Amino acid sequence: MEPGPSCRSPAARDQPVVPAAGSSSVGDGEGNIARDMKTHFRVCRFIMEAGVKLGMRSVPVATACVLYHNFFRCVSLSEFEPYLVAMSCMYLAGKVEEQHIRTRDIINVSHRYFNSGSPPLECDKEFWDLRDSVVQCELLILRQLNFQVSFEHPHKYLLHYLTSVKSLVNRHAWSRCPVAETSWALLRDCYHGSMCIRHTPQHIAIATLYLALNSYGVELPVGEKWWWQVLCDGVTNADIDAVISDLLQLYDMEAKCI
């Protein structure tokens, strides 16, 4: 299990705030970039697993991941404790998506994540220092992102696309193949990496559905346009391929993180 968040200030640059395997040096090379990507993958997996334990809906969890990726797009991983940033992103995402999560719950779930089987933290100095760090880091994230913390996610588009495609497929074939479940799973996995902020929500939604349909060999009627062109105006094969390529790289990253 990876080291957990410390109680130190998130902006402390003179102290080792990130595990050595996940930190980046001044001269970023390919090796350091790969290590940073692995760290971001693990931290986003922590956000998703902690989000489940906190009872967060899928959109607030997605918002937390986008906040995290946007923050580290602006700053270096070596300057901030990634798990502390993740905790603050969950706290902030709860406010943005109107599903408020108490800092105490976030801290206790995070503590159990890194210390399996341990009792909740006592309300001592360590707890209050960590709580203050989460709140301070939230303000830092807001300032770093210029308070631009509302995002459009692919979820509503995928729901629309699934409804439209379902009406075109034989109902027996649809019931035999878990296309919807697979599409949602693929969409969730997109948030493990920065691809969720590099591609448009519509392209991510159409690509995950495209990949799910192809995985089960489900074919749709062909007209003057392909089904994905009808549903998502302006999307090209190259757009879909780019999303799928990035997603497959994330799955390769997952294998390396085990």
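Residues numbered from 1 in each chain as written. Predicted model: local features only at pLDDT ≥ 70, side-chain atom pairs only at ≥ 80, totals over all residues. Heavy atoms only, no water.

### Some remarks on the overall build of the protein
Here is step 1: On a plain count of helices and strands, the protein comes out with 12 helices and zero strands.
Here is step 2: Helices and strands in the protein line up, N terminus first, as α-α-α-α-α-α-α-α-α-α-α-α.
Here is step 3: Out of the 258 residues in the protein, the part that is buried amounts to 50%.
Here is step 4: Intrachain contacts of the protein at a sequence separation of at least 6 include 77% that bridge at least 24 residues.
Here is step 5: Of the roughly 13100 Å² of accessible surface on the protein, a fraction of 52% belongs to carbon and sulfur atoms. (Helix = DSSP H or I, 4+ residues; strand = E, 2+ residues; numbered from the N terminus. Buried < 20%, exposed > 50% of the residue type's maximum accessible area, 1.4 Å probe, protein only. Contact = heavy atoms within 4.5 Å. Areas by Shrake-Rupley, 256 points an atom, 1.4 Å probe, with all protein chains shown as cover.)

### A word on the nonpolar core
Here is step 1: Residues Phe46 and Met90 are the most contacted members of the largest nonpolar core, which totals 84 residues.
Here is step 2: Once residues lying within four places of it in the same chain are set aside, the contact partners of Phe46 are Tyr83, Ala86, Met87, Met90, Ser110, Tyr113 and Phe114. (Core = buried A, V, L, I, M, F, W, Y, C linked by side-chain atoms within 4.5 Å.)

### So, helix α2 (residues 58-74)
Here is step 1: Counted at 1.5 Å a residue, the expected span for α2 with its 17 residues is 24 Å, and the 25 Å between its end C-alpha atoms agrees.
Here is step 2: α2 sits mainly inside the fold: 13 of its 17 residues count as buried. (Expected span 1.5 Å × (residues − 1).)

### Here's the deal with the confidence of the model for the protein
Here is step 1: Overall, the predicted model of the protein reaches an average pLDDT of 86, with 88% of residues at or above 70.
Here is step 2: Ignoring residues within four places in sequence, the model shows residues 6-28, a span with pLDDT below 50, making 51 contacts including any to other chains. (pLDDT = per-residue confidence, 0-100.)

### Considerations on the packing of aromatic side chains
Where two aromatic rings form a pair, the distance of their centres and the angle of their planes describe that pair.
Here is step 1: In total, this model carries 12 aromatic pairs according to the counting rule given.
Here is step 2: Aromatic side chains Tyr113 and Phe114 sit 5.0 Å apart centroid to centroid with 80° between the ring planes, which places their arrangement in the edge-to-face category.
Here is step 3: Residue classification places Tyr113 among the buried positions, given a relative accessible area of 10%.
Here is step 4: Judged by centre distance (6.5 Å) and plane angle (5°), the rings of Trp226 and Trp228 are stacked.
Here is step 5: A relative accessible area of 45% places Trp226 in the partly exposed class.
Here is step 6: Three or more aromatic residues joined by ring pairs make a cluster, and in this case those are Phe46, Tyr83, Tyr113 and Phe114. (Phe/Tyr/Trp six-rings, centres within 6.5 Å; stacked < 30°, edge-to-face > 60°.)

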